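Commentary on secondary and tertiary structure
What follows is each chain in one-letter form.
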Amino acid sequence: MAVSIIHRATGSGLATVGTILFVWWLVAAAGGPGTYADFTGMFTLESGALNIVGWVLGIGLTFCVFQHMMSGLRHLFLDMGANFELKSNKTTAYLTFILSVVLTLGFWLLMLEKWNG
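Thresholds applied
- Residues numbered from 1 in each chain as written.
- Predicted model: local features only at pLDDT ≥ 70, side-chain atom pairs only at ≥ 80, totals over all residues.
- Heavy atoms only, no water.
- Axes fitted to C-alpha atoms, helices over the stretch in contact; angles between N-to-C directions.
- Helix = DSSP H or I, 4+ residues; strand = E, 2+ residues; numbered from the N terminus.
- Parallel < 35°, antiparallel > 145°, perpendicular 65-115°, else oblique.
- Left-handed = near helix turned anticlockwise from the far one by under 90°.
- Contact = heavy atoms within 4.5 Å.
- Nonpolar A, V, L, I, M, F, W, Y, C, P; charged D, E, K, R; others polar.
- 1 Å grid on protein atoms, 1.4 Å probe; cavity = no way out; pocket = protein on both sides within 12 Å on 5 of 7 lines; lining within 4 Å.
- Points joined across faces, edges and corners; volume = space filled by probe spheres on them.

1. What to know about the packing of helix α1 (residues 2–31) against helix α3 (residues 52–79)
It is the contact of α1 with α3, at a shortest axis distance of 9 Å, that shows an interaxial angle of 135°. When the interaxial angle is binned, α1 and α3 end up oblique. Relative to α3, α1 is oriented so that their crossing is left-handed. Residues V3, I6, H7, T10, G11, L14, V17 and L21 of α1 form the contact with α3, whose participating residues are L57, L61, C64, V65, Q67, H68, S71, G72, R74 and H75. Tallied by class, residues from the contact of α1 with α3 come to 9 nonpolar, 8 polar and 1 charged.

Listed below in structure tokens is the structure:
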């Protein structure tokens, strides 16, 4: 049940926060260099590194993407008629959380490696 609730919450969060950020980015890009600098300044330091808002939104949205994806894959198997046994159902429920954390950490470690050369 928790997986289903988290799946809906991450989907709603991605749709809401993601859409707001995307529209804000489009408006900032259309507004010119000053407006775009204000937008990027909200999430980055002058050095180009992420500030606390950038880190929270970046990691939070990345976790939401991976959590929503893992839960969606789990639901795909349930829709095919598999994974209804209690033990395997609970195992895949836990795996959605474990894999989403592992994938988020892996993604951000890869990004940090790319940024730091």
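After presenting the structure, the write-up continues.
2. Some details on the layout of surface pockets
Taken as a whole, the largest pocket spans an internal volume of roughly 290 Å³. Surrounding the largest pocket, 15 residues form its lining, L21, F39, F43, L57 and L61 being those nearest its centre. For the lining of the largest pocket, the leading source of residues is α3, giving 5 residues. By volume, the second largest pocket is sized at about 190 Å³. Forming the walls of the second largest pocket are M1, A2, V3, S4, R74, H75, N89, K90, A93, Y94 and F97. Elements represented by at least two residues in the lining of the second largest pocket include exactly α1, α3 and α4 (86–115). The leading source of residues in the lining of the second largest pocket is α4, at 5 residues.

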